[in-house]
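Results of the structural survey
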Amino acid sequence: MARPALSHRRWPQPQQVSWRRSLTRFFLCFLAGLLLGFSPFLHVDEAQTAVSSSAADESPPPPPPFAKLATIPLWKRHGDAVHGGKLLIIVTPTYNRAFQALYLSKLGQTLRLVPPPLLWLVVEAGPASAETAALLRTTGVMFRHLVTGKNLTNNKDRGVHQRNAALEHIEIHHLDGIVYFADDDNVYTVELFQRMREIRRFGTWSVGMLSQGKSKAILEGPVCNGSQVIGWHTNEKSKRLRRFHVDMSGFAFNSTILWDPDRWHRPFPEKIRQLDSVKEGFQETTFIEQLVEDESQMEGIPDGCSSIMNWHLHLEAEDLFYPRGWRTPKNLEVTIPVT
Ligand code: UDP
Ligand code: MN
């Protein structure tokens, strides 16, 4: 077979070669540059695809930035490994004053450290304040911001109507958990909230009283033998008058007592509420008398009731000025310019 002769093929002239080659090179370089230029965008595209596909995955996504936590259901925020067990329903009466932001942020930060599930029922007297709403949105705790129409009627009824509004909320919605009245101004350890989850019916413990003047007691709460309540720490004055010697922050109870009386063989069909008709200092005992018959239905926690897990403070500063919403749109008049 005769091979086709190459000799007759026309080879390009030298000038033509350099012209074509440089054009091809130019084109290839242009193409490479174009691709390189686009490469960061291609990379982002890939990353986005990866994120959306992992979101469709069964496993929960990593926790989002802190400020967004409030809008994310708790069961998606944490894996089961850190799930605390029983729901805690923390009831906090509060009102707008200079110390409110300090108290609520402090309490919010404590509650943020408690493993979920936890629901914070914050009940404000009068209209909902912008300061409370803004603060609650950033705590990262699951909350409900409730309000009572009524403002304070009497100084001795501090928080009573608000706690009752929360009790009604728990009752109507059949919330199932452990109810605890945590005033905004007290100090609580994280351990306290974990211990509360052990309560079956009604749990009580000793509270360190740091409030000056009103009550001379330094400690209020149960004396225990194991978890059995065998006596009370109290002061001389209230010794004979009160049935139970517990501070408002020294007990917690099963919420089903409020809306499922049959389960607890509760004889009275009346609603369980705090009373605005009793003398100061009798709020706790008259409330507890509606929940339990006697000490045999109580659980002292922790075993032996020997540790103090929260403190009742009393530092009010009602008339202090504070900037609206804790923002300073204008500088104060007394400022020193930098020279
Ligand atoms: N509180 C309220 N409105 C009031 C007074 C008090 O909501 O007008 C709340 C307060 O924020 C706190 C609880 O009720 O959470 C108990 O009030 P306070 O600390 O003044 O009472 P104390 O501890 O002295 O008994
Ligand atoms: Mn207080």
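This text follows the structure it describes.
These remarks concern the structure in this document. Within every chain, residues take consecutive numbers counted from 1 along the sequence as written. Chains and ligands are labelled by the order in which they are written, letters from A for the one and numbers from 1 for the other. Side-chain atom pairs in this predicted model are given and counted only at pLDDT of 80 or more, local residue features only at pLDDT of at least 70, and totals for whole chains, interfaces and linings cover all residues. As a rule here, side-chain values cover all heavy atoms of the structure and leave hydrogens and water aside.

1. Some words on the state of the cysteines
In this description, the term disulfide denotes a pair of cysteine sulfurs within 2.5 Å. As enumerated under the stated definition, the model contains one disulfide in all. Bridging Cys224 to Cys305, the disulfide has an S-S length of 1.9 Å. Across the disulfide from Cys224 to Cys305, rotation about the S-S bond amounts to roughly -70°, and the bridge is consequently left-handed. Of this pair, Cys224 sits in strand β8 (residues 219-225) while Cys305 sits in the loop between β11 (299-300) and β12 (310-312), and the two are 81 residues apart along the sequence. For the pair formed by Cys224 and Cys305, the shared burial category is buried. The way it works is that DSSP assigns letters per residue, a run of H or I at least four long becomes a helix, a run of E at least two long becomes a strand, and they are numbered from the N terminus. A simple rule labels every residue: compare its accessible area, found with a 1.4 Å probe on the protein chains alone, to the largest value its type can have, and call it buried under 20%, exposed over 50%, or partly exposed in between.

2. As for the nonpolar core
Judged by nonpolar contacts, the single largest core of 32 residues is most densely connected at Phe251 and Phe253. At the level of secondary structure, the elements contributing two or more residues to this core comprise β1 (88-94), β2 (118-125), α5 (160-172), β4 (178-181), β9 (228-233), β10 (251-254), α7 (256-259) and α8 (283-291). Contact between two residues is taken to exist if any of their heavy atoms lie within 4.5 Å; hydrogens are not considered. When residues no more than four places from it in sequence are discounted, the contact partners of Phe251 are Tyr180, Phe181, Phe202, Gly203, Thr204, Trp205, Val246, Phe287, Ile288 and Leu291. Core analysis: the next-biggest nonpolar cluster, separate from the first, contains 27 residues, Leu118, Ala182, Ala252 and Ile301 among them. Throughout, nonpolar core names a set of buried Ala, Val, Leu, Ile, Met, Phe, Trp, Tyr and Cys residues whose side chains join them through atoms within 4.5 Å.

3. Re the pattern of salt bridges
Where charged atoms from two side chains of opposite charge approach closely, those side chains can pair. Just to be clear on terms, a salt bridge is a Lys or Arg side-chain nitrogen sitting within 4 Å of an Asp or Glu carboxyl oxygen. Tallied over the entire structure, the rule returns eleven salt bridges. Here Asp184 ties to Arg97 by a salt bridge, and the two come within 3.0 Å at their closest N and O atoms. In this pair, Asp184 sits in the loop between β4 and β5 (187-188) while Arg97 sits in the loop between β1 and α3 (100-112), placing the two residues 87 residues apart along the sequence. Taken as a pair, Asp184 and Arg97 share a single burial class, namely buried. Across the salt bridge formed by Arg195 and Glu198, the nearest N and O atoms sit 3.6 Å from each other. By relative accessible area, Glu198 is classed as partly exposed at 48%. Bridged by salt links that share partners, the residues Glu168, Glu171, Lys271 and Arg273 form one connected network.

It is worth stressing that arrangement in space is one thing and function is another; only the former is reported here.
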